[in-house]
2 protein chains.
Amino acid sequence: MCLSIKFLGNKVSVSLSLSSLGNYSGGGVVAYSELQSETQRPTIDAIAPPKKKVVVLGTGWAGTSFLKGLDASLYDVQVVSPRNYFAFTPLLPSVTCGTVEARSIVEPVRNIIKKRKGEIKFWEAECVKIDAVNKKVFCRSNIEHLVGSGEFSLEYDFLVVAAGAQVNTFNTPGVKENCYFLKDVEDAQKIRLSVIDCFEKAVLPSLSEEERRSNLHFVVVGGGPTGVEFAAELHDYVLEDLIKLYPTVKDIVKITLIQSGDHILNTFDERISSFAEQKFGRDGIDVQTGSRVVKVSDKEITVNVKSTGEVCSVPHGLVVWSTGIATLPFVRDFMEEIGQAKNRVLAADEWLRVKGCESVYALGDCCTINQRKIMDDISDIFKAADKNNSGILTIEEFKGVMGDVILRYPQVELYLKKEHLLDLTNLLKDSQGNQRKEIDIEGFKQALSNVDSQVKVLPATAQVAAQQGEYLARCFNCMDKCEDHPEGPRRFRGPGHHQFRPFQYKHFGQFAPLGGEQAAAELPGDWVSMGHSTQWLWYSVYASKQVSWRTRVLVISDWTRRFIFGRDSSGV
Amino acid sequence: MCLSIKFLGNKVSVSLSLSSLGNYSGGGVVAYSELQSETQRPTIDAIAPPKKKVVVLGTGWAGTSFLKGLDASLYDVQVVSPRNYFAFTPLLPSVTCGTVEARSIVEPVRNIIKKRKGEIKFWEAECVKIDAVNKKVFCRSNIEHLVGSGEFSLEYDFLVVAAGAQVNTFNTPGVKENCYFLKDVEDAQKIRLSVIDCFEKAVLPSLSEEERRSNLHFVVVGGGPTGVEFAAELHDYVLEDLIKLYPTVKDIVKITLIQSGDHILNTFDERISSFAEQKFGRDGIDVQTGSRVVKVSDKEITVNVKSTGEVCSVPHGLVVWSTGIATLPFVRDFMEEIGQAKNRVLAADEWLRVKGCESVYALGDCCTINQRKIMDDISDIFKAADKNNSGILTIEEFKGVMGDVILRYPQVELYLKKEHLLDLTNLLKDSQGNQRKEIDIEGFKQALSNVDSQVKVLPATAQVAAQQGEYLARCFNCMDKCEDHPEGPRRFRGPGHHQFRPFQYKHFGQFAPLGGEQAAAELPGDWVSMGHSTQWLWYSVYASKQVSWRTRVLVISDWTRRFIFGRDSSGV
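Keep in mind the model is a prediction, meaning the values are calculated, not measured.

### Observations regarding the side chain of Ser322(A)
Residues and elements named next belong to chain A. Within the secondary structure, Ser-322 is located in the loop between β18 (318-321) and β19 (325-326). A relative accessible area of 16% places Ser-322 in the buried class. Setting aside residues up to four positions removed in sequence, Ser-322 forms contacts with Val-221, Gly-222, Thr-226 and Gly-227.

Below you can see the structure in the form of structure tokens.
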């Protein structure tokens, strides 16, 4: 029994760690061991086939959530990340102003993996190249001042790319050199020090009024949730803490938010968007919508106002750039290697497998799911549904196939929800609204013709990444079982079933803290909530979502500390 | 009355802020104002003489303690420091290992001065030159990337130099480039990150066993309290936290403490010194006494063993240099300007006035008090005591002068304590131990001949600096009053009394935490205490000595957090 190794199997290795898994194959090994003990007994290592090697790149939301869910005793797991910690990134804007300490939102990866079943190895290094042909990744440590080569390679059977993305500067000149970003903890810490620097420099006796104004002009580029939250945090920090310590300059501090679209928070419900704009207006934050940054120098930022074509430069003390994400260089190289050179982002299928390279999985910000369109498979689906090959589907035949269709093409469910269709058969109504009892292929096509409009690109959020990590971990945990007993929907373009259900994203809502103890939220079921109570909801959700009890306690105590003592303004 | 301005006076400015000070001159101004209101009334500014300008350099223990004690409504106070915060430096070794967070031990200077009576201006800048002739200091801001000149000068009437000192490398080659220091918060933060780097690099798969050992060899140079505490903290950090996260390298971590003297903690009682050596021995910390570092490269440290003359080089991952302090460049320039070029350290008198430059005061690590020797003034003292000019002192005449002598020459009191002489007249006993009733000048000299052996250079500790700051603030607060009614001892080399009592240091004891929740302490009255209970004493003393309630709460919560969750090991 021990030798019955399957392609994705790990039965034998499972059975060797009897205590750690169920007994569905354990008995065989015990029997085998007893048999051997009478005669010459080989070492266990000799008979145990090696575990499959899983290499995980990245320890952000996707990677960490994968590691937290994975039964690491089933695989030989190695993790590579340039940072040895997981950061609770939604709190980064809070870190920029000292509302929360940097250390309170990070959890060492080694702490996380220590608690997992099975051994997980972690290497603090950057992936520099994926060799998909030889199934190898090449890594390099960023710690250069110590002895020993920091370059090494790892072999994998499965590679999980969860490396995230980098800042997108849209090739705007001067952005890389002169802007601050909000991608990771170091970024937030730099902003914090720099804000204090701006104030300390502005109050010096040797400066002119104009120089003071320049140094205290804070510019935020990007009106998405991160940029808006940073602007709001900064406004609170200035109003509640800094002007008390720097009273001489309190009237010349200015915050400008530049957004290329017509509204800030434009991925949110428009009630939230206009609430935010009104609040910022009252707070004195200058929101410049419809403006594109064309250049940033160390002293000035140049903006093109789209409506008028006017180009103007204004001096600044600090520019925070928060406009979107771009593919990491090593992921871009990998895309070229596997024939995805034309894509903007690494594409994966609904099972998070990288297209063109099936032992590689991609999740989080570094990839996008290419959801298959139902219209591409419509004839195959019809054929599968038409059991008697009559060329006509009865309602029963239609119903018989739609369960699998809904699983395989999540856009169908979204469409039904959107159209408030409680009963599937409503799809079969003709243009006059009369229920049809039978349809041919044309009628079938017509019934499903609008469904693909609900195919959506998932946003690059922590929520998506975390759900993907969790999903993939579950797949890895039952890979063996699901090979024998596939849990996925039936295949329409081939025989049998898919091994797993495809990944399906559940949107739990979205927050936008707006400062002054107010927040806006989009909640499930198209609820919208705004104001002080929403800020308290925000506190409780963010506290509950912390990765460990340690960070939960730290974050809550940081919030408490801020209420009692205010934010710290020392340049540490 | 308003026009009766004295050299050090501030009566009028005091009287203008009636609510803020006593009424000893307030009445006059009120009367004057009423008189003026009938006729043409000049503006208050026109008749108020300007307040004396006080410039304070530095916001360490001495500067902050001075600012906390000063009645700032009496002066026009400006503070210049390259750091906008006060740091509780005795906890720096704890910051290196994350036992306490950097931010928990710092308090923004602006928070401190905001709470003071009167306005204090603060500039975050470095002093680059003191112009003692024109009573000016030249300053430069370290923030270079923002617009406006960071260079400015300030005029002073009184200058308080509390700028501290820099690390003393004893010109050992490579120390500046390759060692870490423990002078300020940034230093401690760098060490923290570097320790984690050493572990992360050491566990990488590409390293040889020897390279791993090199990277995990931590060297501490200097066996004083700071070096010893750091070695102990690091040992605890490794043992309690890091080896759990990096189990593969737990047996190859090594800590070496290099001390040039024969014992570590050699300024402490020898019971403490040997207790520490024994504890370190048990802990596996390699203490190399009698060894001098002759060179440090990025990979190796070269040590000369004094007893054998042997010179050997060992590879290291990190060297922390903690051997003593040296004068800052701008203080050295100032010393040359005022004729102190030959001194090793800036010399002040017992009233903290810089010798050769009386409007400048120096306190803390940047200066040393040149205590006047009693034997230099012995004839003058005799003359002053010998009221009837008889050339003979009676016991009464002797007693009559000794009160002032004890105040003026603190070494007398130390000597009496050391010799356990409860009664002053015991000094008059002859060599056979017989009490003399009268003495001549030779007998007087003989009686006091050993007193100057108790002249001691004060150690460069927080305790000394804080007491000096407090003392000087008190002098500044009553400068005016004490000019009319001097509170100091009588002058022996001139008429009248000294304006103030000289500074006198009270030693409240000294701690040396040794790791494993054990500490050693020298307490007042030559008590020595060692072990776990002393560590708890250490916790309570350090908590109580915090500069603000905010830092007190933070430090205590850091300690609590460490007990519950351990130290954080993320590279943030």
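### As for the pairing of strand β13 (residues 254-258) of chain B
Regular strands have side chains that alternate between both faces of the sheet. Residue and element names in this part refer to chain B. The buried count for β13 comes to four of five residues, which makes it a mostly enclosed element. Across five bridges, strand β12 (residues 217-221) lies against β13 in parallel orientation. The partner of Val-219 across the bridge, within β13, is Thr-256. Strand direction decides the pairing type here: β13 and strand β14 (residues 286-288), joined by three bridges, are parallel. By the bridge assignment for β14, Ile-258 is matched with Gln-288. With respect to chirality, the unit in which β13 leads through helix α11 (residues 270-283) into the neighbouring parallel β14 is right-handed.

### A word on the packing of helix α14 (residues 395-408) of chain A against helix α15 (residues 411-418) of chain A
All names here are of chain A. At their nearest, the axes of α14 and α15 sit 6 Å apart, and the two run at 100° to each other. Comparing the axis directions of α14 and α15 gives the class roughly perpendicular. Between α14 and α15, the contacting residues are Met-402, Val-405 and Ile-406 on the first element and Val-412, Glu-413 and Leu-416 on the second. Split by residue class, the contact of α14 with α15 holds five nonpolar, no polar and one charged.

### Digging into the relation of the copies chain B and chain A
The two copies are related by a screw operation: chain B maps onto chain A through 180° of rotation and 0.0 Å of translation along the axis, at an RMSD of 0.1 Å. Each copy turns onto its partner about a two-fold axis. For chain B, the smallest separation between a C-alpha atom and the rotation axis is recorded for Ser557(B), amounting to 4.5 Å. By residue overlap, the copies meet face to face through one surface: 100% of the interface positions of chain B are interface positions in chain A.

### Let's talk about helix α14 (residues 395-408) of chain B
Residues and elements named next belong to chain B. Between its first and last C-alpha, α14 extends 20 Å over 14 residues, near the 20 Å set by a 1.5 Å rise per residue. When the local axis directions of α14 are compared, the greatest deviation, roughly 35°, occurs at Met-402. For α14, the tally of buried residues reaches ten of 14 residues, placing the bulk of the element in the interior. Among all positions of α14, only Ile-395, Glu-397, Phe-398, Val-401, Met-402, Asp-404, Val-405, Ile-406, Leu-407 and Arg-408 are buried. In this fold, the buried residues of α14 make contact with α13 (378-385), β23 (393-394), α15 (411-418), β24 (438-439) and α16 (441-448).

### Remarks on the sheet that holds strand β25 (residues 510-515) of chain B
Residue and element names in this part refer to chain B. Ordered by their spatial adjacency, three strands build an open sheet running β25-β26-β27, and the pairing between neighbours is antiparallel. In this open sheet, the two edge strands, each paired with only one partner strand, are β25 and β27 (527-531). Averaged over all pairs of adjacent strands, the angle between strand axes in this sheet comes to 10°, irrespective of strand direction. In this structure, β25 lies alongside strand β26 (residues 518-523), joined through five bridges in antiparallel fashion. From the neighbouring strand, Pro-513 faces β26, where its bridge partner is Ala-519.

### Focus on the pattern of salt bridges
Counting across every chain of the model gives 52 salt bridges over all chains. Between Glu101(A) and Arg103(B) there is a salt bridge whose closest N-O contact spans 3.1 Å. With Glu101(A) in the loop between α5 (92-96) and β4 (106-108) and Arg103(B) in the loop between α5 (92-96) and β4 (106-108), this pair bridges two chains. On the accessibility criterion, Arg103(B) (11% relative accessible area) is buried. Of the charged contacts, one joins Arg213(B) and Glu209(B) as a salt bridge, the two residues approaching to 3.5 Å between their closest N and O atoms.

### Some details on the UniProt feature "domain: EF-hand" (unreviewed entry) in chain A
Under the local residue numbering, the UniProt record ascribes the feature "domain: EF-hand" (unreviewed entry) to residues 373-408 of chain A. Annotation note: span residues 373-408 of chain A, helix share 61%, strand share 6%, distance between end C-alpha atoms 10 Å.

### Quick look at unusual backbone geometry
For Phe170(A), which is not glycine, the phi torsion reads 50° and is therefore positive. For Asn171(B), which is not glycine, the phi dihedral falls at a positive 55°. Within the fold, Asn171(B) resides in the loop between β10 (166-167) and α7 (175-178). Judged by its relative accessible area of 75%, Asn171(B) is exposed.

### Examining the interface of chain B and chain A
In this assembly, 59 residues from chain B lie in contact with 59 residues from chain A. Carbon and sulfur atoms make up 61% of the surface buried where chain B meets chain A, a total of about 5,300 Å² over both sides. By the criterion of area lost to chain A, the three top residues of chain B are Arg103(B), Val147(B) and Val572(B), representing 15% of everything that side buries. Taken together, chain B and chain A are joined by eight salt bridges. Note that Glu200(A) and Arg110(B) form a salt bridge whose closest N and O atoms lie 2.7 Å from each other.

Cut-offs used in this document
- Residues numbered from 1 in each chain as written.
- Chains lettered and ligands numbered in written order.
- Predicted model: local features only at pLDDT ≥ 70, side-chain atom pairs only at ≥ 80, totals over all residues.
- Heavy atoms only, no water.
- Helix = DSSP H or I, 4+ residues; strand = E, 2+ residues; numbered from the N terminus.
- Buried < 20%, exposed > 50% of the residue type's maximum accessible area, 1.4 Å probe, protein only.
- Contact = heavy atoms within 4.5 Å.
- Pairing = 2+ DSSP bridges.
- Right-handed = clockwise from strand over helix to strand, strands pointing away.
- Axes fitted to C-alpha atoms, helices over the stretch in contact; angles between N-to-C directions.
- Parallel < 35°, antiparallel > 145°, perpendicular 65-115°, else oblique.
- Nonpolar A, V, L, I, M, F, W, Y, C, P; charged D, E, K, R; others polar.
- Least-squares fit on C-alpha atoms with pLDDT ≥ 70 in both.
- Expected span 1.5 Å × (residues − 1).
- Bend = angle between axes of the 7 residues up to and from the residue.
- Salt bridge = Lys/Arg side-chain N within 4 Å of Asp/Glu carboxyl O.
- UniProt positions renumbered as here; feature names shortened; annotations may be inferred.
- Buried area = accessible area lost by both parts, 1.4 Å probe.

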